[in-house]
Amino acid sequence: MQMEKNNYILVTGGAGYIGSHTVVALIENGFTPVIVDDFRNAQRSVIQRLEELTETNLLVNDFSIHDKNQLIQLFNKYPFSGVIHFAADKAVGESVENPLKYFNNNLGGLISLLEVMIQFDNQKLVFSSSCTVYGTPDLVPVTEDTPTKMPESPYGFTKLMNEQMIHQVQTAHPELNVAVLRYFNPIGAHLSGWIGEEPQGTPNNLLPYITQTAVGKRDFLTVHGNDYNTPDGSCVRDYIHVVDVAEAHVAALNFLNKRKVGIETFNLGTGKGTSVLEMIRFFDEISGMNLPFKVGSRRSGDVPEIYANTDKANEVLGWTAKRTVKDAIRDAWNYEQQAKEIQ
Ligand code: WQD
């Protein structure tokens, strides 16, 4: 028996870093998230922490979105009013060593999901993309109309290909209604310190490496180059609080519920660039520490400077980042210090 359309939202990769924070934001806004995650890149303990944090019994399905039969069973069970697709591999460095894993998982996963959504005439999709599709922009800040470029890594390539796939599938199936969200650099953790970024193994990303160095898990941070053509020579990024990113997904769902748009793409950033050396300085200010770091050689594939023009998300989604980079660093540090207790 098909229940009438409800506020069930399918969240693929819902146990992951951005997925778990989005699950909290969905519940806070009256939605019922249904998580699908194969936990290849997430700890199962996240679910229990999420349930305590949200005081709800979560609907969790432990399987890969590549398993179409299980996906079909789920679509038979829930009248999803929307889908948020996070499930993908996202380590830039790993993708260079193992591109086929990324092509299979990130491209194959989206194909499987789209096939089932179309089979069930399920129309609303919020897709997790990345600023990496801009490659090295000629000008900053970048708008959604800034031309995309062939990204340097297979990870970035899969995000660009995913966007192209969505455009071509939506042309063939105009009932699809899609918001593509290009994240800049999500950082930080929920204020409670109960959920946050849990990189598997050695962190690729800057802030988790900083906080792990600060708790003594790493000896020192290596700054990948300080000879770029940027204000202080180190690379500039648009670091955005993960809770702001999560809240943007709710705004995107509400937007799709109101309007049949076809496909709309949005930058999710703060509109402000911060350099690596500034991030270290901010961390020292907030933690009272003196983070040990050394300047090493440039990391291949790094973009010298990129940050977002956020006018479109502000005007069309009615969303803007409310938290600062320092808020995110504070919350990431709080999470790292608690992490050993709660994992
Ligand atoms: C930021 C800056 C590094 C670590 C990638 C993906 C992007 C998104 C976020 C998924 C760079 C420097 C880093 C270190 C350093 N991924 N750095 N020492 O590469 O901008 O973006 O992660 O959503 O799609 O492309 O993020 O945090 O790895 O690096 O100096 O130990 O920090 O060189 O300049 P990046 P990052």
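Residues numbered from 1 in each chain as written. Predicted model: local features only at pLDDT ≥ 70, side-chain atom pairs only at ≥ 80, totals over all residues. Heavy atoms only, no water.

Participant: Can you walk me through the overall build of the protein chain in this structure?
Facilitator: Per the secondary structure count, the protein chain includes 11 helices and 13 strands. At 19 Å, the protein chain has a C-alpha radius of gyration in line with the 20 Å of a compact globule built from 343 residues. When the backbone C-alpha atoms are referred to their principal axes, the protein chain occupies close to 60 × 45 × 40 Å. Residues counted as buried form 55% of the 343 residues belonging to the protein chain. Across the protein chain, the fraction of contacts at a sequence separation of at least 24, relative to all contacts at a separation of at least 6, is 80%. (Helix = DSSP H or I, 4+ residues; strand = E, 2+ residues; numbered from the N terminus. Rg over C-alpha atoms; globule rule 2.2 N^0.38 Å. Buried < 20%, exposed > 50% of the residue type's maximum accessible area, 1.4 Å probe, protein only. Contact = heavy atoms within 4.5 Å.)

Participant: Sorry, what's going on with the site of the ligand here?
Facilitator: Close to the ligand lie 19 residues, the nearest being Ser130, Leu206, Thr222, Arg237 and Asp302. Take Ser130: an N or O atom from its side chain is 2.7 Å from an oxygen atom of the ligand. In the complex, the protein chains occlude 92% of the 690 Å² of accessible area that the ligand would expose alone. Of all the secondary structure elements, the ones that give two or more residues to the shell around the ligand are α7 (206-214) and β8 (221-224). With four residues, β8 is the largest single contributor of residues to the shell around the ligand. In the shell around the ligand, the residues fall into nine nonpolar, six polar and four charged. (Near = heavy atom within 4 Å. Polar contact = N/O pair within 3.5 Å; in protein donor to acceptor, adjacent residues only side chain to side chain. Areas by Shrake-Rupley, 256 points an atom, 1.4 Å probe, with all protein chains shown as cover. Nonpolar A, V, L, I, M, F, W, Y, C, P; charged D, E, K, R; others polar.)

Participant: Help me understand helix α8 (residues 242-258) in this model?
Facilitator: An α-helical segment advances 3.6 residues per turn. Residues three or four places apart therefore align on the same side. Its 17 residues place the ends of α8 25 Å apart at the C-alpha level, agreeing with the 24 Å of an ideal helix rising 1.5 Å per residue. The element α8 is largely enclosed, with a buried count of 14 among its 17 residues. (Expected span 1.5 Å × (residues − 1).)

Participant: Teacher, can you tell me more about the nonpolar core here?
Facilitator: A general feature of soluble globular proteins is that nonpolar side chains tend to end up buried together. Counting 42 residues, the largest nonpolar core has Leu26, Leu181 and Trp319 as the members making the most contacts within it. Elements that contribute at least two residues to this core include exactly β1 (8-12), α1 (17-28), α2 (45-54), β6 (177-183), α8, β11 (263-268) and α10 (311-317). At 11 residues, the largest contribution of residues to this core is made by α8. Among all residues touching Leu26, those that are not within four sequence positions of it are Ile9, Val11, Phe31, Pro33, Ile84, Val250 and Leu253. Counting 28 residues, the second largest nonpolar core, distinct from the first, contains Leu10, Leu110, Leu113 and Leu125. (Core = buried A, V, L, I, M, F, W, Y, C linked by side-chain atoms within 4.5 Å.)

Participant: What am I meant to see in the pattern of salt bridges here?
Facilitator: Oppositely charged side chains can pair when the atoms bearing their charge come close. Enumeration over the complete set of coordinates arrives at 20 salt bridges. Residue Lys322 pairs with Glu247 through a salt bridge whose shortest N-O separation is 3.0 Å. With a gap of 75 residues between them, Lys322 in the loop between α10 and α11 (325-342) and Glu247 in helix α8 connect regions that are remote in the sequence. Here the salt bridges share partners, and the residues they tie into one network are Asp244, Glu247, Lys322 and Arg323. (Salt bridge = Lys/Arg side-chain N within 4 Å of Asp/Glu carboxyl O.)

Participant: Where do I start with the packing of aromatic side chains in this structure?
Facilitator: Geometry of an aromatic ring pair is reported as the spacing of the ring centres plus the angle between the planes. A complete count under the given rule lists eight aromatic pairs for this structure. Ring centres of Phe103 and Phe157 lie 5.6 Å apart, and the angle between their planes is 70 degrees; on these two criteria the pair is classed as edge-to-face. Here Phe157 lies in helix α6 (residues 154-172) and Phe103 lies in helix α5 (residues 99-119), a separation of 54 residues in the sequence. Ring geometry for Phe255 against Phe266: centres 5.6 Å apart, planes inclined by 90 degrees, an arrangement best described as edge-to-face. Within this pair, whereas Phe255 is found in helix α8, its partner Phe266 is found in strand β11, the two being separated by 11 residues in sequence. Each member of the pair, Phe255 as well as Phe266, is classed as buried. (Phe/Tyr/Trp six-rings, centres within 6.5 Å; stacked < 30°, edge-to-face > 60°.)

Participant: Explain the environment of Asp238 to me, please; I cannot follow it from the model alone.
Facilitator: Residue position: Asp238 is located in the loop between β9 (236-237) and β10 (239-241). Along the backbone, Asp238 and Lys272 are 34 residues apart, and their C-alpha atoms lie at a distance of 5.7 Å. When neighbours within four sequence positions are excluded, Asp238 is seen to be in contact with Phe184, Asn185, Gly269, Thr270, Gly271, Lys272, Ile306, Tyr307 and Ala308. In this structure the side chain of Asp238 is engaged in a polar contact, spanning 2.8 Å, whose partner is the side chain of Thr270.

Participant: How do you make sense of the side chain of Ser95 when you look at a structure like this?
Facilitator: Assignment of secondary structure puts Ser95 in helix α4 (residues 92-97). Ser95 gets classed as buried once you look at its relative accessible area, which sits at 0%. A polar contact of 2.6 Å, which involves the side chain of Ser95, links it to the backbone oxygen of Val92. The contacts of Ser95, once residues within four sequence positions are left out, are Tyr102, Ser153, Pro154 and Tyr155.

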